[in-house]
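Structural features, examined
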Amino acid sequence: MTRRGVWERLPSAIMEAALIVFAVLVALGVDEYWETLEERALAETAVERIAAEVASNRADLLNSRESNVRLAEDLERAISSLDAGDGPGIDGVNYEVSLLGTDAWQTAQVTRAVHFMDFDQVGRISQVYRVQQLYVERQAPIVDAVSTLGVGDIGMSFRAIRRGLAVTLALECNLVAEYDSLLTDLAFTGASGGSTASGCE
């Protein structure tokens, strides 16, 4: 091809190259757009499931709290009765353990959905689950004390359970408040604004 022919074809070649580059850029942009939509959908689904889990945990906590408040009152009377030289006056100790879920939060971390969620929102959620974990751990000494009832001094056992209950009942007030605050932040309707924890007003 002569030099003249090359120069004549140059504009066409440049145009073809530009169109190819443009097409590649468009394709990349479309891929990035769909990827962003998928990431956003993943984050939204994770937030919805976390909010539902927190609402469920809140309900479970309040359900068990009513029984455990009565247990604390019964133990107080039983200890007073024992101190007076009488019998305990109660047949047994029925402590209700709250099995609070973490599946939604763990799934969000495993699927990396947390990387596409609002940073401040992730911090708030993490804080609530840390308080929840602290509460779950504080139930263990109570369960241990209940399981050893009848072994050794019953008065000491009652006092150990009462001490544990005092801690968990106080933590429950904090945890319910954390739940309500988070559910409001996540704009989860129908979960907060319900019954409050007895003795936390």
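Scroll up to find the structure this text is about.
First, a word on what this report is: a plain description of the structure on this page.

What counts, and where the lines are drawn
- Positions within a chain are numbered from 1, following the residues in the order the chain's sequence is written.
- Selection of residues for local features in this predicted model requires a pLDDT of at least 70, selection of side-chain atom pairs for listing and counting requires 80 or more, and totals for whole chains, interfaces and linings are taken over all residues.
- Heavy atoms from the whole structure form the basis of all side-chain values; hydrogens and water molecules are not counted.
- In this description a helix means any DSSP run of H or I spanning at least four residues, a strand means any run of E spanning at least two, and both kinds are numbered starting from the N terminus.
- Burial status follows relative accessibility: with a 1.4 Å probe on protein chains alone, a residue under 20% of its type maximum counts as buried, one over 50% as exposed, and anything between as partly exposed.
- Residue exposure ignores everything except the shown protein chains as possible cover, and the areas themselves are Shrake-Rupley values with a 1.4 Å probe.
- Any two residues having at least one pair of non-hydrogen atoms within 4.5 Å are treated as being in contact.
- With axes taken as lines fitted to C-alpha atoms, and helix axes fitted only over the stretch in contact, angles between N-to-C directions fall between 0 and 180 degrees.
- Orientation labels follow simple angle bins: below 35 degrees gives roughly parallel, above 145 gives roughly antiparallel, 65 to 115 gives roughly perpendicular, and whatever is left gives oblique.
- In this scheme the crossing of two helices becomes right-handed for a clockwise turn of the near helix relative to the far one and left-handed for an anticlockwise turn of less than a right angle.
- Charged means Asp, Glu, Lys or Arg here, nonpolar means Ala, Val, Leu, Ile, Met, Phe, Trp, Tyr, Cys or Pro, and polar covers whatever is left, Gly included.
- By the counting rule applied here, Lys and Arg register as positive and Asp and Glu as negative, while His and the ends of each chain are not counted.
- When a carboxyl oxygen of Asp or Glu lies within 4 Å of a side-chain nitrogen of Lys or Arg, that pair is called a salt bridge.
- The definition of a polar contact used here is a pair of N or O atoms within 3.5 Å, where within protein one atom must be able to donate a hydrogen and the other to accept one, and adjacent residues in sequence count solely through side-chain atom pairs.
- How far a helix is expected to stretch is found by multiplying one less than its residue total by 1.5 Å.
- Aromatic rings from Phe, Tyr and Trp, taking only the six-membered ring of Trp, are treated as a pair when their centres fall within 6.5 Å; an angle between ring planes under 30 degrees marks them as stacked, one over 60 as edge-to-face, and anything in between as tilted.

With respect to the overall build of the protein
Of the regular secondary structure elements, the protein holds four helices and zero strands. Listing every helix and strand of the protein by position from the N terminus yields α-α-α-α. Buried residues in the protein amount to 33% of all 201 residues. Surface exposure of the protein reaches about 12,400 Å², of which carbon and sulfur atoms provide 57%.

Details of the environment of aspartate 60
By secondary structure assignment, the location of aspartate 60 is in helix H1 (residues 3-83). Look at aspartate 60 and you get partly exposed, because its relative accessible area is 34%. Spatially, the C-alpha atom of aspartate 60 lies 9.6 Å from that of valine 97, the residues being 37 residues apart in sequence. The contacts of aspartate 60, once residues within four sequence positions are left out, are Ser98, Leu99 and Leu100.

Details of unusual backbone geometry
Positive phi, normally seen in glycine, also occurs at arginine 112, with a value near 65°. Relative to the helices and strands, arginine 112 is located in the loop between helix H2 (103-110) and helix H3 (119-147).

A few points about the packing of H3 against helix H4 (residues 154-185)
Where H3 meets H4, the axes come as close as 9 Å, and the angle between the chain directions of the two elements is 160°. Compared by their axis directions, H3 and H4 come out roughly antiparallel. Between H3 and H4 the crossing geometry is left-handed. Residues of the contact of H3 with H4, tallied by class, amount to 16 nonpolar, six polar and five charged.

Here's the deal with the side chain of glutamate 53
Structurally, the position occupied by glutamate 53 is in helix H1. Here glutamate 53 sits buried without a salt bridge, and the closest side chain of opposite charge, arginine 49, lies 9.9 Å off (N-O distance). Separated by 2.9 Å, the side chain of glutamate 53 and the backbone nitrogen of alanine 104 make a polar contact. At 2.4 Å, the side chain of glutamate 53 and the side chain of tyrosine 129 are in polar contact.

Details of H4
In a regular helix each residue adds 1.5 Å, so 32 residues correspond to 46 Å; H4 covers 46 Å between its end C-alpha atoms and thus fits that length. Following H4 by one or two positions, alanine 187 adopts a phi angle in the positive range, close to 55°.

A look at the pattern of salt bridges
Per the stated rule, a full pass over the model turns up eight salt bridges. Arginine 65 is the partner of glutamate 172 in a salt bridge, and the nearest nitrogen-oxygen pair spans 2.7 Å. Placement of glutamate 172 in helix H4 and of arginine 65 in helix H1 is noted, with a sequence separation of 107 residues between them. The pair glutamate 172 / arginine 65 is uniform in exposure class, with both members buried. Between arginine 162 and glutamate 76 there is a salt bridge whose closest N-O contact spans 3.0 Å.

With respect to the packing of aromatic side chains
Applying the stated criterion across every chain yields a total of one aromatic pair. Both rings, one in tryptophan 105 and one in tyrosine 129, keep their centres 5.7 Å apart while their planes meet at 15°; by these two values the pair is stacked. Of this pair, tryptophan 105 sits in helix H2 while tyrosine 129 sits in helix H3, and the two are 24 residues apart along the sequence. One exposure class covers both tryptophan 105 and tyrosine 129, and it is buried.

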